[in-house]
Amino acid sequence: MFSVKNLTKTYRKGAFGKVKFNAVDNASFEIKQGEIISLIGESGSGKTTIGKLILRLLSTSDGSIEYDGIDVSSFKGGDLKNYYRHVQGVFQDPFCSFNPIFKADRVFKMVREEFFPKETENNWNEKLNNSLKAVGLNPAEVLNKFPHQLSGGQLQRLLIARALLLDVKLLVADEIISMLDASTRIDVLNLIAKLRDENGLSVLFVTHDLSLGYYISDRSIILYKGVIVEMGNTQKVFHNPVHSYTRSLLEAVPRLDSKWDELEHKYSHEIRGDIFIPGTTEGDFVLEEIEPEHFVAIKK
Ligand code: ADP
Ligand code: MG
């Protein structure tokens, strides 16, 4: 459905912008229908940049993003508007997505004006109520309220409801759990899993938190310095990491659960001498399939 090929985003840094660096470096992966794919990496690894490139909030420096076989990177006007029916983002701080001086449900009025101008009042209200209920919100509790009268979890649900109104195929969820308190976290995670199971929604779940990625995703991408160093079936990546960076991330997870302890000593794959370590290894890399559904960056 979505296919990201050799995606690269180059920025300039240094006093006079003389030094170029790739915030995203030659990233290739697919997002299939009805799967949750985690994009995991520490701060600065390029996760948000990938999300924003897919959402066309940033322009690509190289490579392509294809949706159903069509490169979206040159979409403008009507094509871009149509693209946003299928792809929407929800970001870390839900308060930023709402204008504090307007009622929160203004985001729905804007969707109606922009995408459903011919819809009758009754039909629209029914649609809206259905999408609010689908994300576990009571319309009477959240409509007609200002953002400050709602919780972070409620605002995020409103944004997910907005995405559902548009019938999105892909939701880019960037650190959406970080701001929420513990009891709301699990509800929002479960909601996302429910939307995958019942609506066939695909989700790019961006997180710096390994346990969240492990909990929710079908496949995982481990990003380090803009490079995909390891990727594949979540069980395989977490239980049998091959890249030294993935292992060091896993070893840094506080072990509340002794299972992590057991895992650590049972890796059946050796760390290979030819793995590619961004920032250290010279030259180029390829993603090699070291077992079915499990890829690692290897020196070219
Ligand atoms: P993450 O979301 O994983 O924390 P980002 O995608 O936000 O990482 O950033 C990746 C890298 O790109 C970081 O080193 C960041 O400083 C850099 N970066 C992001 N935006 C810009 C920009 N507009 N100009 C220059 N560098 C940027
Ligand atoms: Mg980020």
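Calculation criteria
- Residues numbered from 1 in each chain as written.
- Chains lettered and ligands numbered in written order.
- Predicted model: local features only at pLDDT ≥ 70, side-chain atom pairs only at ≥ 80, totals over all residues.
- Near = placed C-beta within 6 Å.
- Helix = DSSP H or I, 4+ residues; strand = E, 2+ residues; numbered from the N terminus.
- Nonpolar A, V, L, I, M, F, W, Y, C, P; charged D, E, K, R; others polar.
- Contact = placed C-beta atoms within 7 Å.
- Pairing = 2+ DSSP bridges.
- Buried ≥ 20, exposed ≤ 12 C-beta atoms within 10 Å, placed from the backbone.
- Axes fitted to C-alpha atoms, helices over the stretch in contact; angles between N-to-C directions.
- Expected span 1.5 Å × (residues − 1).
- Parallel < 35°, antiparallel > 145°, perpendicular 65-115°, else oblique.
- Left-handed = near helix turned anticlockwise from the far one by under 90°.

**Observations regarding the site of ligand 1**
The full set of residues close to ligand 1 is Tyr11, Ala23, Gly41, Ser43, Gly44, Ser45, Gly46, Lys47, Thr48 and Thr49. Element by element, the count of residues in the shell around ligand 1 is highest for helix H1 (residues 47-54), at 3 residues. When the residues that make up the shell around ligand 1 are grouped by side-chain class, the tally is 2 nonpolar, 7 polar and 1 charged.

**What about the environment of Ser202?**
Along the chain, Ser202 turns up in strand S8 (residues 202-207). Note: C-alpha distance between Ser202 and Leu132 (70 residues apart in sequence) is 19 Å. In this structure, Ser202 is in contact with Met1, Ile31, Lys32, Gln33, Gly34, Glu35, Lys169 and Leu170, ignoring residues within four places of it in sequence.

**A word on the pairing of strand S1 (residues 2-13)**
Where S1 and strand S4 (residues 62-67) come together, 5 bridges link them in antiparallel fashion. Bridge assignment links Thr8 to a residue of S4, and that residue is Asp62. Two strands pair when backbone bridges link them, and S1 and strand S2 (residues 19-31) are joined in this way by 9 bridges, in the antiparallel orientation. Across the sheet, residue Tyr11 finds its bridge partner in S2, namely Phe21. With antiparallel pairing between neighbouring strands as the criterion, S1 and S2 make up a hairpin whose turn holds 5 residues, including Gly14 at a positive phi of roughly 90 degrees.

**A closer look at the pairing of strand S3 (residues 36-40)**
Counted residue by residue, S3 has 5 buried out of 5 residues, so it is predominantly covered. Burial along S3 is two-sided: Ile36, Ser38 and Ile40 and Ile37 and Leu39, pointing in opposite directions, are all buried. Summarising the sheet, S3 and S8 pair through 5 bridges and their orientation is parallel. Note that in S8 the partner of Ile36 across the bridge is Val203. Both S3 and strand S9 (residues 219-224) contribute to a ladder of 4 bridges, which runs parallel. Its bridge partner being in S9, Ile37 is matched across the sheet by Arg219.

**Overview of the sheet that holds S8**
Spatially, 8 strands are ordered S6-S7-S8-S3-S9-S10-S12-S11 in an open sheet, and the strand pairing comes out mixed. Single-partner strands in this sheet number two, and they are strand S6 (87-90) and strand S11 (285-291). Strand after strand, the sheet turns through a mean of 20 degrees between neighbouring axes, direction not considered. Bridge analysis of strand S10 (residues 227-233) against strand S12 (residues 294-299) gives 3 bridges, and the strand direction is antiparallel. For Gly232, the partnering residue across the bridge sits in S12 and is His294.

**With respect to helix H6 (residues 152-165)**
With 14 residues, H6 should reach 20 Å at 1.5 Å per residue; the first-to-last C-alpha distance of 20 Å fits that figure. The buried fraction of H6 amounts to 13 of the 14 residues, a majority that puts the element mostly inside the structure. Backbone geometry just downstream of H6 places Asp167 in the positive-phi region, at approximately 60 degrees.

**Focus on the packing of helix H3 (residues 106-115) against H6**
The interhelical angle for the contact between H3 and H6, taken along N-to-C directions, is 15 degrees, at an axis separation of 10 Å. Compared by their axis directions, H3 and H6 come out roughly parallel. Between H3 and H6 lies a crossing whose hand is right-handed. From H3, Val107, Phe108 and Val111 reach across to H6, where they touch Leu158, Arg162 and Leu165. When its residues are assigned to classes, the contact of H3 with H6 shows 5 nonpolar, no polar and 1 charged.

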